[in-house]
Amino acid sequence: MIGSRARFPKPTEAYELLKAFGTNIIATEGDEWKHQRKIVAPAFSERNNRLVWDETVHILEDVFQNEWGDKEVVDVKHIMDLTVPITLLVIGVAGFGRRISWNEDKIAPPGHSMTFKDALYEVSHRLWMKVVFPDWMLGLGTPTMRKFLRANRELERYLAEMVEARRSAEVKEERYDLFSSLLDANEEELDSGAKLSNSALIGNVFLFLVAGYETTAHTLAYAFILLALHQEEQEAFYQNIKSVLPADRKPTYEDFNSLSYSLAVMNETLRWFPPVVFIPKVNVEDTTFTLTSPTTGEKRTVPVPAGTYCSICTPALHHNPRYWDAPEAFRPARFLGSYNRDAFLPFSAGARGCIGRGFAETEGVAVLTMIVVRYRVEVKEEARFAGETFEQRRARLLKSQHSLTVYPERAPLVFKRR
Ligand code: HEM
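Parameters at a glance
Residues numbered from 1 in each chain as written. Predicted model: local features only at pLDDT ≥ 70, side-chain atom pairs only at ≥ 80, totals over all residues. Heavy atoms only, no water. UniProt positions renumbered as here; feature names shortened; annotations may be inferred. Helix = DSSP H or I, 4+ residues; strand = E, 2+ residues; numbered from the N terminus. Contact = heavy atoms within 4.5 Å. Near = heavy atom within 4 Å. Polar contact = N/O pair within 3.5 Å; in protein donor to acceptor, adjacent residues only side chain to side chain. 1 Å grid on protein atoms, 1.4 Å probe; cavity = no way out; pocket = protein on both sides within 12 Å on 5 of 7 lines; lining within 4 Å. Sits in = over half its atoms within 2 Å of the grid points. Points joined across faces, edges and corners; volume = space filled by probe spheres on them. Donors = N, O, S within 2.8 Å, 3.2 Å for Na, K, Ca; no water. Pairing = 2+ DSSP bridges. Axes fitted to C-alpha atoms, helices over the stretch in contact; angles between N-to-C directions. Salt bridge = Lys/Arg side-chain N within 4 Å of Asp/Glu carboxyl O. Buried < 20%, exposed > 50% of the residue type's maximum accessible area, 1.4 Å probe, protein only.

- Looking at an unreviewed UniProt entry, one finds the protein named Cytochrome P450, with Dichomitus squalens as its source organism.
- Taken from UniProt, the Cofactor (unreviewed entry) comment for the protein reads in full: "heme".
- In its Pathway (unreviewed entry) section, the UniProt entry covering the protein states "Secondary metabolite biosynthesis."

### Remarks on the environment of Leu 209
Link 1 in the chain: Position of Leu 209 among the secondary structure elements: in helix α9 (residues 198-229).
Link 2 in the chain: Spatially, the C-alpha atoms of Leu 209 and Ser 124 are 7.0 Å apart, while their sequence positions differ by 85 residues.
Link 3 in the chain: Setting aside chain neighbours within four positions, we find Leu 209 in contact with Ile 91, Phe 96, Leu 120, Ser 124, Leu 155 and Glu 214.

### Structural notes on the site of the ligand
Link 1 in the chain: As a structural note, the neighbourhood of the ligand is formed by 29 residues, with Lys 10, Tyr 15, Trp 33, Arg 37 and Cys 354 the closest of them.
Link 2 in the chain: For the ligand, an oxygen atom lies 2.4 Å from a polar atom in the side chain of Lys 10.
Link 3 in the chain: At 2.9 Å, a side-chain N or O of Arg 352 approaches an oxygen atom of the ligand.
Link 4 in the chain: Most atoms of the ligand, that is more than half of them, are within 2 Å of grid points of the largest pocket.
Link 5 in the chain: Put simply, the parts of the chain that give the shell around the ligand at least two residues each are α1 (30-40), α9 and α13 (357-374).

### What about the layout of surface pockets?
Link 1 in the chain: If you add up the space inside the largest pocket, you get close to 1100 Å³.
Link 2 in the chain: Together, 43 residues line the largest pocket, and Leu 18, Ile 26, Ala 211, Thr 215 and Val 276 are the ones closest to its centre.
Link 3 in the chain: For the lining of the largest pocket, the secondary-structure elements that each account for two or more residues are α1, α9, α11 (260-272), β2 (278-279) and α13.
Link 4 in the chain: The greatest single-element share of the lining of the largest pocket, amounting to eight residues, is contributed by α9.

### Side note on the coordination of the iron atom of the ligand
Link 1 in the chain: Looking at the iron atom of the ligand, one finds just one donor atom contributed by the protein, Cys 354 (SG), at 2.3 Å.
Link 2 in the chain: Tracing the sequence through the fold places Cys 354 in the loop between α12 (314-318) and α13.

### Concerning the sheet that holds strand β6 (residues 375-379)
Link 1 in the chain: Strand order in this open sheet of three strands is β1-β9-β6, and the pairing throughout is antiparallel. Edge positions in the sheet fall to β1 (73-76) and β6, since each has one partner strand and no second. Strand-to-strand twist in this sheet, taken as the mean axis angle between neighbours without regard to direction, amounts to 20 degrees.
Link 2 in the chain: Strand direction decides the pairing type here: β1 and strand β9 (residues 413-417), joined by four bridges, are antiparallel. In the strand pairing of β9, Val 74 is matched with Phe 415.

### Here we look at the pattern of salt bridges
A side chain with one charge can pair with a side chain of the opposite charge if their charged atoms come near.
Link 1 in the chain: Evaluation of the coordinates by the stated rule reveals 25 salt bridges.
Link 2 in the chain: Residue Arg 384 pairs with Glu 382 through a salt bridge whose shortest N-O separation is 3.6 Å.
Link 3 in the chain: According to the relative accessible area criterion, Glu 382 is buried, its value standing at 16%.
Link 4 in the chain: Glu 382 is the salt-bridge partner of Arg 410, the closest N and O atoms lying 2.6 Å from each other. Of this pair, Arg 410 sits in the loop between β8 (406-408) and β9 while Glu 382 is found in the loop between β6 and α14 (390-398), placing the two residues 28 residues apart along the sequence.
Link 5 in the chain: Through salt bridges with shared partners, a single network forms among Glu 381, Glu 382, Arg 384, Glu 388, Arg 393, Arg 396 and Arg 410.

Spelled out as C-alpha cells, the structure:
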C-alpha cells in the first residue's frame, strides 16, 4: 500500500481540514501533488537541517541560561509546557525565518495587535475552528473564537510582510528556512518553469506549521516521560552521549551521525506513540489481501473492492509481535541494529512519506542530547500518588488525548542537574 502510490492514492477528502489556508502537498493527489512536491522538496535541504540543529541548540542554551539558570532541580508541571514552546520556536525560525526567544516580545510590534509567537501558537492550536466556522461566525463568536480569527489575520499579515521584505530586498540574504526557500522557488523560473500559486505558497507554509510542530512536540514529550519511567534506559543513553561528546563540548550538526542512540530513543518513542495513528489510503482497483491468523497461522484471502478505504494503523503495526521482540518493552537499543523497516512507519514511507522527517529527526536528536547530557529526568513525586505501582504510574503518565495527533494529558517531571 505504501509502495504503490498509483493503486493506493490518498483519499484527499480526508485532508479537508488541512486545506483551510490554501492548497498544499498533503491535501492533493496526482499531477497537482507531483507539481507541488517537486517545488517544495528542495526546501528540506541539508542546509535547512543544519539550521534546525543550530537554532535548536541556541534555543536550549537560552532556556538553560535564562529560564532554568543555576537551579539544581527544575520542576516542569506538564512536560508539554517544555516541548511545545521549544518546537514552536524551532519552526518559527527554521520554518518561517523568524527568531523568537523564550521570553521575548510580550508586546506586539507596531502595526500588530499580537506577537508573532502568540499568533503562531493560537493558530496552530485551534486550527479546527477555521474548518468548522466561517470567518464571519468567528468574528461574532466567543472571545476565544474572536481571538483565533485575529491570530489568523495577524499571521497572514506577518507572512505578507515577510514576503514583501524578501521581494523588495536589494541584496537577498542567504537563508535556508523553509519559507525563504519556497519564496525563492516561487520567484525564480525553475528548470521546469513550474511555480507555486500564491495560495499554494501560503497553504504549504501553514501545513509545515501544522505538520511539523505538534508531531515533534508530542513525540519529545513522550520521549521524556518514557526516559523518566525507565531510569536504566536513560542511564544507558546518558553514558552513550558522554562517550560520543567530549566533556563540556556542545553538540554540533557534525555529531548527528554519531548520536545514533539519541535517534534510537526518538525511534523507540515513535514506535510506541506514533503521532499519526492512521495513514489513510484508498484502493482504486479491485484487489485481494492475504491475511495470516496470528494464532493458527492459517491464511485467508479477503476481497477488497475498488473505492475501499484502507488505513494503515501505525500503533498496531508497531506492536505486532510478529515484527517486534517484546513489543511492550521500552528498548531504544533495538533501533541500533537492523530492524524491520516495513514494520516501522511513523513517517509513512515511499513517495508520500513525510517530507519533514530529516527536520524532525534533527530537532529531536538535538533536544534529547542537549537535555539528557545536562539533566537527569525523573517523574515528579506527588503525595497523592504515593504507593502507586509502576504499572499505575506508567498508565497515569502515558494517559493520552487526541487533537490532530496524540499527546500526553498530564505528566509532571523534574529535571535534576547532573
Ligand atoms: C515526529 C515528527 C513527524 C511525524 C511523526 C510525521 C509524520 C508524517 C506522516 C505519517 C505523514 C504521512 C501522512 C499521510 O499520508 O496522511 C507525513 C507527511 C508530511 N509531513 Fe510529517 N511528520 C513529522 C514531522 C514533520 C515536519 C517537521 C514537517 C515539516 C516541517 C512535516 C511535513 C510533512 C509534510 C509536508 C507531509 C506531506 C507529504 C506529502 O504528502 O507529500 N512533518 N508526516
